[in-house]
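# Examination of the molecular architecture
Residues per chain, in single letters:
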Amino acid sequence: IDPKQIRNFSIIAHIDHGKSTLADRFLEMTGLVSDREKKAQMLDDMDLERERGITIKARSVTLDYKAQDGQIYQFNLIDTPGHVDFSYEVSRSLAACEGAILVVDAAQGVEAQTLANVYLAIENDLQLLPVLNKIDLPSAQPDVILEQIEHVIGLETDDACLISAKTGQGVDEVLEAVIRVIPPPEGKSESPLQALIFDAWFDSYRGLIILVRVFEGRMARKDKVRFMATGSEYDIDEVGIFTPKMAKVDSLEAGQVGYVIATIKTLDEARVGDTITHVKNSCESPLAGFKETKPMVFSGLYPTEAADYASLREALDKLQINDSSFVFEPETSVALGFGFRCGFLGLLHMEIIQERLEREFNLDLVTTAPGVAYRVTTKSGETMMIESPSKLPGAGDIEVFEEPYILGTILTNSEFVGGVLKLCEERRGIQKKLEYVSEDRILIEYELPLNEVVLDFYDKLKSVSRGYSSFDYHVEGYWASNLVKLDILVNGDLVDALSLIVHRDKAQSRATLLTAKMKELIPRQMFDIAIQAAMGARIVARTTVKALRKNVLAKCYGGDISRKRKLLEKQKAGKKRMKAVGNVQIPQDAFLAMLKVD
Ligand code: GDP
Ligand code: MG
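Quick look at the structure, then. (Residues numbered from 1 in each chain as written. Chains lettered and ligands numbered in written order. Predicted model: local features only at pLDDT ≥ 70, side-chain atom pairs only at ≥ 80, totals over all residues. Heavy atoms only, no water.)

### Things to note about the overall build of the protein
Of regular secondary structure, the protein possesses 15 helices and 33 strands. For the protein, contacts bridging at least 24 residues in sequence account for 69% of all contacts bridging at least 6. Split by element, the accessible area of the protein, about 26800 Å² in all, is 48% carbon and sulfur. (Helix = DSSP H or I, 4+ residues; strand = E, 2+ residues; numbered from the N terminus. Contact = heavy atoms within 4.5 Å. Areas by Shrake-Rupley, 256 points an atom, 1.4 Å probe, with all protein chains shown as cover.)

### As for the site of ligand 1
The immediate surroundings of ligand 1 are formed by 16 residues, with Asp16, Lys19, Ser20, Thr21 and Asp136 found nearest. Interatomic distance of 3.0 Å between a side-chain N/O atom of Asn133 and an oxygen atom of ligand 1. Asp136 has a polar side-chain atom sitting 2.7 Å from a nitrogen atom of ligand 1. The dominant element in the shell around ligand 1, judged by the number of residues it contributes, is helix α1 (residues 19-29), at three residues. A per-class count over the shell around ligand 1 returns three nonpolar, eight polar and five charged. (Near = heavy atom within 4 Å. Polar contact = N/O pair within 3.5 Å; in protein donor to acceptor, adjacent residues only side chain to side chain. Nonpolar A, V, L, I, M, F, W, Y, C, P; charged D, E, K, R; others polar.)

### So, the packing of helix α9 (residues 417-426) against helix α11 (residues 457-464)
Taken N-terminus to C-terminus, the directions of α9 and α11 make an angle of 155°; their axes are 9 Å apart at the nearest point. Judged by the angle between their axes, α9 and α11 are roughly antiparallel. The hand of the α9/α11 crossing is right-handed. Of the residues in α11, those touching α9 at Gly419, Val420, Leu423 and Cys424 are Phe457, Lys460, Leu461 and Val464. Partitioning the contact of α9 with α11 into residue classes produces six nonpolar, one polar and one charged. (Axes fitted to C-alpha atoms, helices over the stretch in contact; angles between N-to-C directions. Parallel < 35°, antiparallel > 145°, perpendicular 65-115°, else oblique. Left-handed = near helix turned anticlockwise from the far one by under 90°.)

### A short note on unusual backbone geometry
In the Ramachandran plot, Asp125 falls in the positive-phi region, its phi being about 60° despite a non-glycine side chain. For Asn491, which is not a glycine, the phi torsion comes out positive at approximately 45°. A relative accessible area of 32% means that Asn491 is categorised as partly exposed. (Buried < 20%, exposed > 50% of the residue type's maximum accessible area, 1.4 Å probe, protein only.)

### Side note on a negative patch on the surface
Taken together, the side chains of Glu147, Glu150, Glu156 and Asp158 present a region of like negative charge at the surface. Tracing the backbone through its elements, the reader meets Asp158 in the loop between α5 (142-153) and β6 (161-162). Residue classification places Asp158 among the exposed residues on the basis of a relative accessible area of 68%. (Patch = residues over 30% accessible without salt bridge, like charges linked within 9 Å, V, L, I, M, F, W, Y side chains within 5 Å. Salt bridge = Lys/Arg side-chain N within 4 Å of Asp/Glu carboxyl O. Lys, Arg positive; Asp, Glu negative; His and termini not counted. Charge placed at Lys NZ, Arg CZ, Asp CG, Glu CD.)

### What to know about the pairing of strand β10 (residues 224-227)
A regular strand carries its side chains on alternate faces of the sheet. Burial along β10 is one-sided: the residues Val225 and Phe227 are buried and none of Lys224 and Arg226 is. Of the strand pairs in this sheet, β10 and strand β11 (residues 233-242) are connected by three bridges, and their pairing is antiparallel. Counterpart to Lys224 in the pairing with β11 is Asp235. As consecutive antiparallel partners, β10 and β11 are separated by five residues, and within that stretch Gly231 has a phi angle of approximately 80°, a positive value. One ladder, built from three bridges, connects β10 with strand β15 (residues 275-278); its direction is antiparallel. Counted as the bridge partner of Phe227 is Ile276 from β15. (Pairing = 2+ DSSP bridges.)

### Digging into the environment of Leu94
Considering the arrangement of structural elements, one finds Leu94 in helix α3 (residues 87-94). For the pair Leu94 and Ala121, spaced 27 residues apart in the sequence, the C-alpha separation amounts to 6.6 Å. Here Leu94 is in contact with Ser10, Ile12, Leu120, Ala121, Asn124 and Leu126, once residues within four sequence places are set aside.

### Regarding the pattern of salt bridges
Throughout the structure, instances matching the rule amount to 20 salt bridges. Here Lys433 and Glu445 are joined by a salt bridge, their closest N and O atoms 4.0 Å apart. A residue pair is termed long-range when its members are at least 10 positions apart, and Lys433 in strand β24 (residues 430-438) and Glu445 in strand β25 (residues 441-449) qualify at twelve residues. Among the ionic pairs, Glu452 bridges to Lys506, the shortest N-O distance being 3.0 Å. Taken together, the residues span a long stretch of sequence, with Glu452 in helix α10 (residues 450-454) and Lys506 in helix α12 (residues 504-521) at a distance of 54 residues. On the accessibility criterion, Glu452 (6% relative accessible area) is buried.

Now the structure itself:
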């Protein structure tokens, strides 16, 4: 295929603006999907994606399109997730493209992730094609939104398409505009092979599947290739494209996107961002890889049953092949036993990983409250990253205590500005920008400590603005703060998993709220349970869970057997997520109490 007939592009947008729906229309209109196979959001095939209605893993699909000029074009479309936690996926996909379709909801307009995605695309030198979607909605205001795109993003809108991905109106125009606006790839099939690995995952039947963009040269079955970063060499077993099912082809040529299968055991040997070349006639230097993603949110993951430790480790290993942005290392906790300290890109990322572990690997887990990585310089001049509050040196040994700050971008309606500003101020924010993007839409920028954001910032933001806000952030750096460690004790035993680091001004109120919440969450047992919060040796808050007076079963002594059995079953189910601290049973909810305390 002549590279001039190829177009590699992504669809980027804020969440729910219609990327996946537009991708569905493309699949139908190019005849790849028959009516019988049709279902909404074809490319979101992971269970979790379908249930949550969001795209987690980027997908690629090759479409043949017969244009109005009568020629056949090959489109490689890469669907990307829109959520801030998955921007590394977006960024990787963009490296495989020459352009991107920027979808903007014609009723909602530019949102926080619209901006974040545009910046990523610009960093990758991509040509953008603006598309206003949902013009079928009565609330659509295409003129206002076009003006917004020009004003806020600084993007010319002469080529913009006005469409409804839902009804299909205007979608054929988008396909034509792609050919006109997005440049074809430049590589040559005769050059030495240079192929970028931009994703990889493990398939239980096929083994490791590698997603590549061939920049130069061609790659075929039986070729001997080398992965340049690791130096490992393999024979290629199969190359192919996604239609969207995997379909074998004879070769992948310069400009094309597709998959490669070789008998590779681990992702370590085929790293995302690495370049594949031939063993003979190899290219001179690898392609620029990807910026390493740094996990910013940490939490402990422990098996409910100690015996599941080995299966948890195996599951984490497997998940990491699919998602290298998540990290883990073994950790032991007095309260929870053997488990792992895990690092995630953000809160949603954390939730998704936990849910995948429980579903795909059938594990029962206890997760500790999420925290950020702090930077501590000791009096002796040593600098260390603290990913777990229990690893913090004593207060007397700390010279400098720093925490990560983000620059947060919020778009909201003018009527909610008061509430949004109040929330940001409460979270120790520093205002950087406040500007109107259209008559009643406002863009606000704040510097905020990440720690104040991981807890429940986004939920709070949605509630103060009745859902009419969007939020995105990137980490700015580490700044010194007045921070202290707060410990929780249950009947005098320190529950290390519940320790947390907070700003000194908030320590007392957090301590009071936490102990109150713990009191609600720890079920009454046969004895009194004292719950205390301490800063160093000083107890700053305390509550007591009073002993139960009667045995649960005593109530139905001699009574209805089936009722008794039901009670026992209920107790058993409740115990599933319990951990013993000393002789006290603590439910998993208690470990997550911090999440919900304001
Ligand atoms: P994504 O998160 O960007 O992938 O968005 P989706 O494609 O999942 O769409 C989000 C929601 O918007 C879904 O409920 C779609 O049915 C709806 N939607 C998408 N395109 C249109 C459109 O053109 N008009 C209307 N009215 N709804 C649309
Ligand atoms: Mg989607």
